[in-house]
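A structural walkthrough
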Amino acid sequence: MYWLCYHIHTYKKPHIALVHGMAVGGGASLMVPMKFSVVTEKAFCSTPETSLGFHPDCGFSYMLSRLPGRLGEYLGLTGAKLRGKEMVAAGLATHFVPSQKLFQLEKRLVSINSGEEDAIRSVINEFSTNIDIDERSILKKLSIINECFSKDSVEEIVESLEAEASKKGNDWIITTLKNLKKASPTGLKITLRSIREGRTQTLFECLRREFRITMNILRTVISGDLYEGIRAAIIDKDKSPKVFPFPLSIC
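Report on the accompanying structure. (Residues numbered from 1 in each chain as written. Predicted model: local features only at pLDDT ≥ 70, side-chain atom pairs only at ≥ 80, totals over all residues. Heavy atoms only, no water.)

Okay, the nonpolar core next. With 45 residues, the main nonpolar core has V39, L75, M87 and F149 as its most contacted residues. What M87 contacts, discounting residues up to four positions off in sequence, is M31, V39, A43, F44, C45, L82, L92 and A93. Within the second largest apolar cluster, 10 residues are counted, among which are F36, V97, I120 and F127. (Core = buried A, V, L, I, M, F, W, Y, C linked by side-chain atoms within 4.5 Å. Buried < 20%, exposed > 50% of the residue type's maximum accessible area, 1.4 Å probe, protein only. Contact = heavy atoms within 4.5 Å.)

Written out as structure tokens, the structure reads:
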């Protein structure tokens, strides 16, 4: 999977993703780096790994760290969803096409005789529309996100959000805090450090580091949170993971 992600990022020929549904975790890692990633109003993207005691991998420490401001930390830690137009505005997709035009677009793309990037872009541009972000979108809260998610530790991020939540118009922070507090503490700390390190590393270095983190998580070298998270979310589905205490010394 890590090698596949590397090849998608570095592949020379133009490649296209048409997304009309969820692009979550590893699925999103296949979509985001494509030369053309087309989304509809039904598409959404998220990296919910911390809720399972895991970390956004498959190149996401590289991709999230390069989003505007501290949006990457916000998405990586909270697992929040971005919808179609938001994905384009944030830089996680390249074009927005209304779902009723998607089948026509696919037919036109298949019929192109040329594999030239400009020819493909021209066809997609015919079907794509401009995006207007709703005032309620999380992308309109970037000033607060930048302030809170620039803190040095998960604990400081939570404290900063709690201080902001009491202010008028910041009801959205309550959901953000809920998502953080029900996630794996170990997963949160690993994710924060991984994204921060990703800012100064190449794609290859990020993938190599992510692979090593993953192997240590799977071997329970770090904690057993992943297996408990999978049990609670996927096997027993009781949504009540017994969270293991995290060793502060690792962060």
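Inspection of every chain in the model, using the stated rule, returns five aromatic pairs. Residues W3 and Y6 carry aromatic rings whose centres are separated by 6.0 Å and whose planes lie at 90 degrees to one another, so their mutual orientation is edge-to-face. Taken as a pair, W3 and Y6 lie in helix α1 (residues 2-10) at a separation of three residues, close to a single helical turn. Residue classification places W3 among the exposed residues on the basis of a relative accessible area of 56%. Overall, Y6 belongs to the partly exposed group, its relative accessible area being 25%. Chaining the aromatic ring pairs together yields one cluster made of W3, Y6 and F204. One Lys or Arg, K81, reaches over the ring of F44 and ends 4.5 Å from the middle of that ring. (Phe/Tyr/Trp six-rings, centres within 6.5 Å; stacked < 30°, edge-to-face > 60°. Helix = DSSP H or I, 4+ residues; strand = E, 2+ residues; numbered from the N terminus. Lys NZ or Arg CZ within 6 Å of the ring centre and 35° of its normal.)

Turning our attention to the sheet that holds strand β1 (residues 16-19). Judged by pairing direction, the sheet is parallel, and its three strands sit side by side in the order β1-β3-β6 without closing on themselves. The open sheet is flanked by β1 and β6 (95-96), the only strands paired with a single partner. Contacts from helix α6 (residues 102-111) reach β1 and β3 (36-39), with the element oriented near 160 degrees to β1. In the packing of helix α7 (residues 117-127) onto the sheet, contacts are made with β1, β3 and β6, and the angle to β3 comes to roughly 10 degrees. (Pairing = 2+ DSSP bridges. Axes fitted to C-alpha atoms, helices over the stretch in contact; angles between N-to-C directions.)

Burial along β1 is one-sided: the residues A17 and V19 are buried and none of I16 and L18 is. Both β1 and β3 contribute to a ladder of four bridges, which runs parallel. Looking at β3, one finds that A17 is bridged to S37.

As a further point, take helix α10 (residues 172-182). The set of residues buried in α10 consists of W172, I173, T176, L177 and L180. Projected onto a plane normal to the axis of α10, the buried residues spread over an arc of 135 degrees and lie on a single side. The exposed residues of α10 that point more than 90 degrees off its buried face are K178, K181 and K182. Buried residues along α10 sit in contact with α4 (71-78), α8 (142-148), α9 (154-165) and α11 (185-198). (Arc of directions from axis to C-beta.)

Turning our attention to α1. Taken residue by residue, α1 has Y2, C5 and I8 as its buried positions. Taken down its axis, α1 places every buried residue within 120 degrees of arc, on the same side. Looking at the buried side of α1, the elements it contacts are α2 (26-31) and α12 (203-218).

As for its position among the elements, A232 is in helix α13 (residues 225-235). Judged by its relative accessible area of 2%, A232 falls in the buried class. Sequence-wise, A232 and K242 are 10 residues apart; in three dimensions their C-alpha atoms are separated by 8.4 Å.

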